[in-house]
2 protein chains.
Amino acid sequence: MFNFNLLHKDVKTESRAGILTVNGVSVETPVFMPVATQGAVRGLTIDNLNQCQAKILLANTYHLNIYPGSSLVKKHNGIGKFMGWDYLTLTDSGGFQVFSLPNKKITDDGVEFRYEINGEKVFLTPQSSIAIQEELGADIIMCFDECVEYPAEKNYVKKAVERTLNWARVCKDSHSKKDQFLFGIVQGGVYEDLRKYCADKIVDIGFDGYAIGGVSVGEGHDLLKKVVDDTAKYLPDDKPRYLMGVGLPEDIIEAVERGVDMFDCVIPTRFGRSGTLFTKKGKVRITNKDYRRDMYPIDTSCDCFVCKKFTRAYIHHLFRVNEVLGATLCSIHNLRFYTSMMSNMRDSILNDRFKDFKKDFYDNYNPKTNNETT
Amino acid sequence: MFNFNLLHKDVKTESRAGILTVNGVSVETPVFMPVATQGAVRGLTIDNLNQCQAKILLANTYHLNIYPGSSLVKKHNGIGKFMGWDYLTLTDSGGFQVFSLPNKKITDDGVEFRYEINGEKVFLTPQSSIAIQEELGADIIMCFDECVEYPAEKNYVKKAVERTLNWARVCKDSHSKKDQFLFGIVQGGVYEDLRKYCADKIVDIGFDGYAIGGVSVGEGHDLLKKVVDDTAKYLPDDKPRYLMGVGLPEDIIEAVERGVDMFDCVIPTRFGRSGTLFTKKGKVRITNKDYRRDMYPIDTSCDCFVCKKFTRAYIHHLFRVNEVLGATLCSIHNLRFYTSMMSNMRDSILNDRFKDFKKDFYDNYNPKTNNETT
């Protein structure tokens with residue numbers, strides 16, 4: 001079963017607070033989904049994810065279809081069971097990875113490419129993407145779409161939109177599992193008219209939720225805001241909206257303000273593994289020598305167990321001696337920074353104070369901050 | 001405060017069950033201590049260690065004195081607080097690492113060497129080892145001793161025994177912190193008369209506990225048993241006995257049978273990181289292709305959360321895609337294998353059935369087993 005309950009819209013912005021309930025598990029929105037690319041959020045146990053208060057994970061069809069293969073995941077009754085995860089899962093279609101590959105061959109039926117890791121030749125189609133995602137068994141699955149790089153000629157983007165629409169119809173027709181819910185994806189690059197066109201048509205086809213795709217491809221913060229502006233307004237109020245692969249805290253805040261409900265991104269875990277930490281004041285590089293004897297927690301205002309238990313000096317030490325626990329602890333802190341930011345936004349929306357949240361956030365947070373070098 | 005309560009000796013063997021209480025924390029013996037070399041058990045959070053039911057950790061003076069340095073650990077009120085660990089800690093003296101170095105210069109006062117990682121020249125003495133260990137602040141600390149390689153000429157071993165005894169007196173005199181408890185170490189190589197001589201003298205000096213040192217230096221399983229036989233009988237019943245750096249399950253079982261109470265070793269975590277798992281039936285290499293589609297847990301009789309949650313196929317997959325979570329999960333399982341083995345031994349001792357435990361263990365466990373290649 002799938003239900004999206006839009007509890008409240010902020011009076012001064014487009015931001016929304018809701019509850020997404022899928023197969024008996026409820027998730028408060030706006031929500032951030034950590035990325036478990038190959039069936040694990042790198043270096044984190046399920047308990048760690050629970051400590052981060054994550055409730056829904058994204059896994060990658062492209063990667064899982066290589067190793068361990070979708071049939072093995074099916075044998076485990078789906079990706080959630082495979083990785084020991086009790087809450088919700090979402091798989092992407094594989095499209096984003098495939099369209100990032102060199103030497104792919106795109107036709108109206110699908111995309112031919114070779115897996116980078118083993119050279120195997122594959123022809124991925126909307127039908128096969130759905131078939132694989134049905135074997136992977138996530139609660140939410142995504143249409144196979146054509147994700148266009150940035151910048152791209154409008155003529156090409158238009159062609160990709162038509163393919164995306166055709167493939168969306170095929171995906172909907174191919175999809176049969178009743179306990180999986182299919183989201184449509186709006187493409188259209190940075191072109192307002194194409195975004196509107198694609199959104200209208202995708203909504204006509206009708207899906208359980210709608211994603212804004214074709215972002216996080218190098219368009220930058222300002223164009224990202226424009227794309228969300230140009231797309232969200234054409235999506236129905238009563239379905240969840242998912243901005244794929246975004247992003248930095250400032251990107252997410254702007255998108256929530258514009259009415260997006262769901263996000264995924266590798267940033268908190270990837271940055272964490274290299275020792276870049278998100279704090280209320282901005283990003284810090286814990287490997288910087290300033291922290292060698294620093295007795296404070298990473299972020300004095302954070303409630304994660306890393307901030308409760310450890311000094312910056314300890315975390316700095318772990319990186320200095322190349323101890324992998326440092327990467328784990330920083331990933332946990334960063335994920336909690338994200339989930340906490342989401343729930344603070346949600347509270348502000350429910351109180352019609354999203355603008356106050358945003359002002360307060362930026363009054364403290366410096367996006368270019370501190371000793372950050374990432 | 002320090003108390004060792006010897007609850008029971010098995011009627012048919014020398015094996016002992018007790019309770020070691022230090023600074024208000026009680027630990028059941030025989031006990032296995034995971035190794036937190038540089039202030040972390042590699043890849044494991046404190047919660048993971050609690051899941052493994054560990055109660056006392058060993059940390060290495062040699063490594064901690066390089067990074068982060070003992071003064072920073074002191075600033076944190078000791079190694080336990082530094083690493084967020086609520087139970088007991090023990091530091092070694094640095095001797096084992098130093099005597100493994102090339103180009104060291106041993107005198108009657110101490111050892112001159114260079115730190116391998118940064119080339120810094122150091123002169124480590126019994127006084128300085130104790131001073132460093134007092135800053136590191138572990139509950140139990142060790143005398144600085146001369147650990148001799150195997151094989152070694154008896155004349156040299158005798159000289160090392162005399163140094164070890166002189167240094168033990170210096171260590172005892174140098175030690176002043178009332179909340180840290182000092183163990184003496186018996187050396188003597190594989191020579192029964194030297195072991196007896198050293199044990200008698202060390203006991204005369206008088207310590208809170210006694211360690212059997214100079215093992216795990218290549219002497220092998222049978223000589224290890226002989227050394228424990230030749231030493232344990234000269235140690236007082238009412239103090240804990242610690243066999244340093246040992247070992248494989250079969251080594252530990254033999255040593256418990258001979259009256260040893262405490263153990264530390266990197267084997268469970270090091271083997272875990274490379275995908276070698278301990279099970280009731282013996283060691284298995286989870287990276288072996290046999291496990292690619294294996295739906296069983298690592299060990300069907302194990303109560304660890306890894307065995308409760310995951311299939312061998314999932315763990316195999318994590319190693320195949322080079323996901324560090326695989327190393328973490330296997331370390332957790334292996335540590336739980338060890339702590340569970342210790343508590344099973346303890347139960348058998350309390351019931352005068354250690355021999356039954358041992359027979360049962362070996363009836364199932366093949367030390368050379370399966371697809372093991374480590």
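Residues numbered from 1 in each chain as written. Chains lettered and ligands numbered in written order. Predicted model: local features only at pLDDT ≥ 70, side-chain atom pairs only at ≥ 80, totals over all residues.

*Asks:* When you look at the overall build of chain A in this model, what are you seeing that I'm missing?
*Replies:* For chain A, the count of helices and strands is 15 helices and 16 strands. Over its C-alpha trace chain A gives a radius of gyration of 20 Å, about what one expects of a compact globule, namely 21 Å for 374 residues. For chain A, the spread of C-alpha atoms along the three principal axes comes to 60 × 50 × 40 Å. The buried share of chain A, reckoned over its 374 residues, is 56%. Considering only contacts within chain A whose residues lie at least 6 apart along the sequence, 70% involve residues at least 24 apart. (Helix = DSSP H or I, 4+ residues; strand = E, 2+ residues; numbered from the N terminus. Rg over C-alpha atoms; globule rule 2.2 N^0.38 Å. Buried ≥ 20, exposed ≤ 12 C-beta atoms within 10 Å, placed from the backbone. Contact = placed C-beta atoms within 7 Å.)

*Asks:* Any chance you could explain the sheet that holds strand β13 (residues 241–243) of chain A here in plain terms?
*Replies:* Whether parallel or antiparallel, the strands of a sheet pair through hydrogen bonds between backbone atoms. Residue and element names in this part refer to chain A. The parallel open sheet is built from 8 strands, whose spatial order is β4-β14-β13-β12-β11-β10-β6-β5. Since the sheet does not close on itself, it has two edges, and those belong to β4 (31–33) and β5 (56–59), each with one partner. Averaged over all neighbouring strand pairs, the angle between strand axes comes to 25°, with direction disregarded. Examined bridge by bridge, strand β6 (residues 88–91) and strand β10 (residues 140–142) share 2 bridges and lie parallel to one another. Bridge assignment links T91 to a residue of β10, and that residue is I141. The sheet contacts of helix α9 (residues 220–232) involve β11 (181–186), β12 (209–212) and β13, and relative to β12 the element is tilted by about 150°. (Pairing = 2+ DSSP bridges. Axes fitted to C-alpha atoms, helices over the stretch in contact; angles between N-to-C directions.)

*Asks:* I tried to follow the sheet that holds strand β2 (residues 16–22) of chain B on my own but got confused; where do I start?
*Replies:* Residues and elements named next belong to chain B. The strand order across the open sheet built from 3 strands is β1-β2-β3, with neighbouring strands paired in antiparallel fashion. Each end of this open sheet is capped by a strand with a single partner; those strands are β1 (2–9) and β3 (25–29). Direction aside, the axes of adjacent strands within the sheet are offset by 15° on average. Taken together, the 5 bridges between β2 and β3 define a ladder with antiparallel strand orientation.

*Asks:* It is not clear to me how the nonpolar core should be interpreted in this structure. Could you clarify?
*Replies:* Most often, soluble globular proteins have nonpolar side chains that are buried together. Formed by 224 residues in total, the largest nonpolar core has its most connected members in A:F183, A:L243, B:F183 and B:L243. What B:L243 contacts, discounting residues up to four positions off in sequence, is B:I212, B:V215, B:V228, B:A255, B:V260 and B:F263. (Core = buried A, V, L, I, M, F, W, Y, C linked by C-beta atoms within 7 Å.)

*Asks:* I'm lost on the interface of chain A and chain B in this one. Help?
*Replies:* Note: interface size is frequently given as the accessible area lost on complex formation between the parts. Listed as interface residues are 31 residues of chain A and, on the opposing side, 31 residues of chain B. Elements with a minimum of two residues in the side of chain A that touches chain B: α3 (70–75), α13 (312–320) and α14 (325–350) of chain A. Ranked by residues supplied to the side of chain A that touches chain B, first place goes to α13(A) with 5 residues. Here the side of chain A that touches chain B is composed, by residue class, of 15 nonpolar, 9 polar and 7 charged. (Nonpolar A, V, L, I, M, F, W, Y, C, P; charged D, E, K, R; others polar.)

*Asks:* Honestly, the environment of B:A54 in this entry has me stumped. Any pointers?
*Replies:* All names here are of chain B. Within the element layout of this structure, A54 appears in the loop between α1 (46–51) and β5 (56–59). Considered as a pair, A54 and L88 are 34 residues apart in the sequence and their alpha carbons are 9.5 Å apart. Those residues in contact with A54 that sit more than four places away from it in its chain are P34, L49, L335 and T339.

*Asks:* What exactly am I supposed to notice about the confidence of the model for chain A here?
*Replies:* One rule of thumb: low pLDDT means the predicted coordinates there are not for detailed reading. Looking at chain A as a whole, the pLDDT averages 96, with 98% of positions reaching at least 70. Interface scoring of the predicted complex returns ipTM 0.97; its pTM is 0.97. (pLDDT = per-residue confidence, 0-100.)

*Asks:* Honestly, the environment of A:K105 in this entry has me stumped. Any pointers?
*Replies:* All names here are of chain A. Relative to the helices and strands, K105 is located in strand β7 (residues 105–106). In this structure the C-alpha to C-alpha distance between K105 and F123, which are 18 residues apart in sequence, comes to 9.1 Å. For K105, the contacting residues outside a window of four places in its chain are V111 and E112.

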